[in-house]
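# Chain and residue survey
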Amino acid sequence: MAPKPLIVLDHVGHSFDDGRIVALRDVNLSFGEGESVAVVGASGSGKTTLILVMCGIRIPTTGVLLWKGDPVTTLRQWTDLRRSEIGIVFQEFNLFPTLTASENVEVAMFGSGVGSSERRRRAEEALKTVGLADRATHLPQELSGGERQRVAIARSIINNPALILADEPTGNLDSVNASAILDLLFDLQRARGATLVMVSHAPDQVVRCSRQINMKDGQVFDQRSMPAREEVL
Amino acid sequence: MNHLELAFRNLQRRPARSILTILGVAFAVGSFITLYGLSRSVHENVQRSFDEHGTDLTVRRRGIAEPFGGTVPETMIPEIAKIPGVAAVSGQLITFAATDNDDSVLATGWAPDGFYWANVPLKAGRVPNPDERRIAMVGYDIARALGKKVGDEITLLGEKFRIVGLTDYHSIINRNQVIVNLADLQELTFRTGAVTFLSIRLDNPADQAEADRVAQTIESMGKLSVARSEGMLRNDSLFGLLTAVSTSMAWVALFMGVLMVLNTLLMAVLERTREIGILSAIGWSTERIMGALVLEGFLLSAVGSLVGIVLGVAGSKFLSSIPAIGRYVAVEPTLPLIAATALAAIVLGILGSFYPAFVATRQSPAAALERA
């Protein structure tokens with residue numbers, strides 16, 4: 001049975017510079033609950049724009065996005081979704097340099113109605129989940145690249161999102177750390193039943209997803225379901 | 001961690017800039033408290049001085065803007081004394097007089113039958129006899145400053161006066177004035193038969209209607225203006241100029257402080273474009289981001305105001321320690337002035353931080369995140 005759609009892109013397009021640069025062109029996609037999807041394609045094919053459009057950081061110039069069947073049309077709706085339903089992991093980590101690992105995670109809970117002591121408790125719990133319990137009080141510059149990305153992952157899952165968007169999460173990591181981060185992401189996705197949409201260039205990462213979307217020139221060139229991981233292994 | 005700690009962390013990150021901004025606000029608040037306090041203190045000290053002498057109304061030559069420039073003829077005293085409601089009338093001649101060591105003091109000539117004598121608080125010595133000439137009573141503070149005691153001589157306008165008593169008034173003006181016989185001062189200033197103003201004591205000082213009636217009667221005599229002691233300086237151009245200059249400087253200083261807060265936050269916003277993009281990416285609303293930046297503005301203004309209060313009080317003490325000021329004015333910023341200034345700085349600091357906050361939230365989060 002096909003998973004229930006979590007987010008649907010209906011004829012979505014996105015262009016810059018008054019339409020001179022087209023980053024996405026008539027994209028129609030549906031992402032089901034609990035799915036893991038790899039988005040692949042050459043540089044400039046629109047992968048990152050797709051991720052940014054799916055979390056409302058970029059607003060589509062044409063078409064509409066549906067979240068659990070409802071159209072998302074306002075910035076306020078997108079802000080609410082990013083706070084409570086969508087977690088984002090960037091290639092660049094994007095941590096706050098003045099905040100400790102724990103505080104970097106906590107800051108994503110501001111505005112979610114959780115008190116400060118509970119925020120701290122949950123942040124420590126999330127860091128424990130990603131294996132950084134003993135690094136909670138360290139500043140980002142005191143952490144390795146892999147540890148920083150773990151903090152970013154902890155931040156992305158702190159509000160129990162239904163959708164995790166990861167834009168080349170291992171792009172800045174060595175192969176050992178990259179593998180560990182991927183294990184962590186997939187483990188969390190499975191354990192929490194979240195949908196994972198991940199931009200990647202690496203074939204070994206792509207095969208771990210349940211579906212692959214190929215992009216070219218801002219369009220979905222091809223998409224196909226992947227065999228279960230156990231079969232691959 | 002809460003919003004306040006987060007704002008504090010961001011300010012800590014650029015300590016030099018934050019400290020300089022705090023100092024800028026502090027100097028602005030300190031300057032305002034000191035300068036505005038100075039102009040207020042002039043009025044308050046003059047009023048205290050008159051109150052200590054038991055003066056309810058003062059009569060001056062109408063139209064003279066300088067403090068001691070006009071004169072009133074002594075011949076008017078018996079005429080005014082007859083007005084119903086007037087308990088007593090005394091004339092005072094006042095001038096800044098050169099004294100020893102190129103210094104100058106506030107010299108006051110009192111008529112021997114003036115009502116002020118009854119209220120003179122003595123620190124040492126005695127009150128002069130009515131027929132004594134070339135004698136002086138010296139305020140305790142100026143006596144100490146000049147190293148004088150009872151029995152010493154003090155030079156006024158080139159003439160020697162023997163000190164027979166030291167006065168112990170509370171007001172700073174009275175503690176620094178030298179009282180001599182009116183006739184002596186009239187002679188030395190070539191103002192025979194004239195006084196700077198007349199002081200009136202009323203039968204019922206609390207009766208405003210009676211005071212107004214007395215004032216109208218005196219003013220109808222022509223070329224005279226009458227004021228309550230607190231209104232003495234209202235039409236004085238020199239004090240008016242002092243008030244205008246100090247108040248203007250005070251406001252300029254305060255607005256400079258606000259501009260510093262605005263500049264600091266604007267620079268911070270431009271430098272932190274990427275961070276603001278991250279906040280947006282993790283679900284912070286524009287209101288929350290604006291609030292966080294305004295909170296930083298509040299912290300800068302609040303800490304700056306606290307330091308400014310200390311500077312303002314210290315600046316006031318410093319001004320009071322300058323003899324040319326401190327002999328006539330005790331610069332004492334009042335609690336309401338301090339509170340109002342600090343509050344104004346904080347409110348203006350918050351308002352000043354709205355623009356940078358607005359600029360921050362107008363940025364596209366995508367563009368901010370793409371910026372390296």
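Residues numbered from 1 in each chain as written. Chains lettered and ligands numbered in written order. Predicted model: local features only at pLDDT ≥ 70, side-chain atom pairs only at ≥ 80, totals over all residues. Heavy atoms only, no water.

### A few points about unusual backbone geometry
- Backbone geometry at Asn160 of chain A places phi at a positive 50°, although glycine is not the residue there.
- A residue is classified by how much of its surface remains accessible, and Asn160 of chain A, at 54% relative accessible area, is exposed.
- Here the phi dihedral of Phe190 of chain B falls at roughly 55°; this positive angle occurs in a residue that is not glycine.
- Residue placement: Phe190 of chain B occurs in the loop between helix H6 (182-188) and strand S10 (194-195). (Buried < 20%, exposed > 50% of the residue type's maximum accessible area, 1.4 Å probe, protein only. Helix = DSSP H or I, 4+ residues; strand = E, 2+ residues; numbered from the N terminus.)

### A look at the interface of chain B and chain A
- With 23 residues of chain B in contact, the opposing surface of chain A contributes 25 residues.
- Between chain B and chain A, a total of about 2200 Å² is buried, with carbon and sulfur atoms accounting for 59% of that surface.
- Here chain B is connected to chain A by two salt bridges.
- Joining chain B to chain A, the criterion identifies five residue pairs in polar contact (both at pLDDT 80 or more).
- For the side of chain B that touches chain A, the elements supplying multiple residues, two or more each, are helix H1 (3-13), helix H9 (273-281), helix H10 (286-321) and helix H13 (365-370) of chain B.
- Residue classes in the side of chain B that touches chain A are distributed as 10 nonpolar, six polar and seven charged. (Contact = heavy atoms within 4.5 Å. Buried area = accessible area lost by both parts, 1.4 Å probe. Salt bridge = Lys/Arg side-chain N within 4 Å of Asp/Glu carboxyl O. Polar contact = N/O pair within 3.5 Å; in protein donor to acceptor, adjacent residues only side chain to side chain. Nonpolar A, V, L, I, M, F, W, Y, C, P; charged D, E, K, R; others polar.)

### As for the packing of helix H2 (residues 15-53) of chain B against helix H12 (residues 335-362) of chain B
Residue and element names in this part refer to chain B.
- One way to put it is that H2 packs onto H12 with a least axis distance of 10 Å and a crossing angle of 145°. Note that H2 runs across H12; the crossing there is right-handed. Across the interface between the two elements, Val29, Phe32, Ile33, Tyr36 and Gly37 from H2 touch Leu337, Ile338, Thr341 and Ala345 from H12.
- Of the residues assigned to the contact of H2 with H12, the class counts are seven nonpolar, two polar and no charged. (Axes fitted to C-alpha atoms, helices over the stretch in contact; angles between N-to-C directions. Left-handed = near helix turned anticlockwise from the far one by under 90°.)

### Description of the sheet that holds strand S4 (residues 62-67) of chain A
Residues and elements named next belong to chain A.
- Overall, antiparallel pairing links the four strands, which are arranged S2-S1-S4-S5 in an open sheet. In the strand order of this sheet, the two ends are held by strand S2 (21-32) and strand S5 (70-72), each with one partner. Strand-to-strand twist across the sheet, computed as the mean angle between neighbouring axes with direction ignored, equals 25°.
- Bridge analysis of strand S1 (residues 5-16) against S4 gives five bridges, and the strand direction is antiparallel. Bridging from a neighbouring strand, Asp10 pairs with Val64 of S4.
- Across the face of the sheet, helix H2 (residues 75-84) comes into contact with S1, S4 and S5 while running at roughly 105° to S5. (Pairing = 2+ DSSP bridges.)

### Description of the side chain of Thr167 of chain B
Residues and elements named next belong to chain B.
- Here Thr167 is to be found in strand S8 (residues 159-167).
- Classification of Thr167 by relative accessible area gives buried; the value is 0%.
- When near neighbours in sequence (up to four residues on either side) are disregarded, Thr167 contacts Val120, Pro121, Lys123, Met137, Val138, Gly139, Tyr140, Asn174 and Ile179.

### What to know about the side chain of Thr99 of chain B
Residues and elements named next belong to chain B.
- When you line up the elements, Thr99 lands in the loop between strand S3 (86-98) and strand S4 (104-110).
- Engagement of the side chain of Thr99 in a polar contact is seen with the side chain of Asp100, the distance being 3.3 Å.
- Discounting residues that sit within four places of it in the chain, Thr99 has contacts with Ser104, Val105, Ile154 and Thr155.

### Some details on the confidence of the model for chain B
- Of the residues in chain B, 96% have a pLDDT of 70 or more, and the chain-wide mean is 85.
- Quick note on the complex model: pTM equals 0.72, ipTM equals 0.86. (pLDDT = per-residue confidence, 0-100.)

### A short note on helix H1 (residues 47-54) of chain A
Residues and elements named next belong to chain A.
- Burial of H1 is extensive: seven of the eight residues sit out of reach of the surface.
- Within H1, the full set of buried residues consists of Lys47, Thr49, Leu50, Ile51, Leu52, Val53 and Met54.
- Once H1 ends, the next one or two residues include Gly56, with phi positive near 80°.

### Focus on the sheet that holds strand S3 (residues 36-41) of chain A
Residue and element names in this part refer to chain A.
- Overall, mixed pairing links the six strands, which are arranged S6-S7-S8-S3-S9-S10 in an open sheet. Of all strands in the sheet, those with a lone pairing partner are strand S6 (86-89) and strand S10 (219-225), marking the two edges. Taking each pair of neighbouring strands and ignoring which way they run, the sheet shows an average axis angle of 15°.
- Where S3 and strand S9 (residues 211-216) come together, five bridges link them in parallel fashion. When the bridges of S9 are listed, Val37 appears paired with Arg211.
- Across the face of the sheet, H1 comes into contact with S3, S6, strand S7 (163-167), strand S8 (195-199) and S9 while running at roughly 150° to S7.

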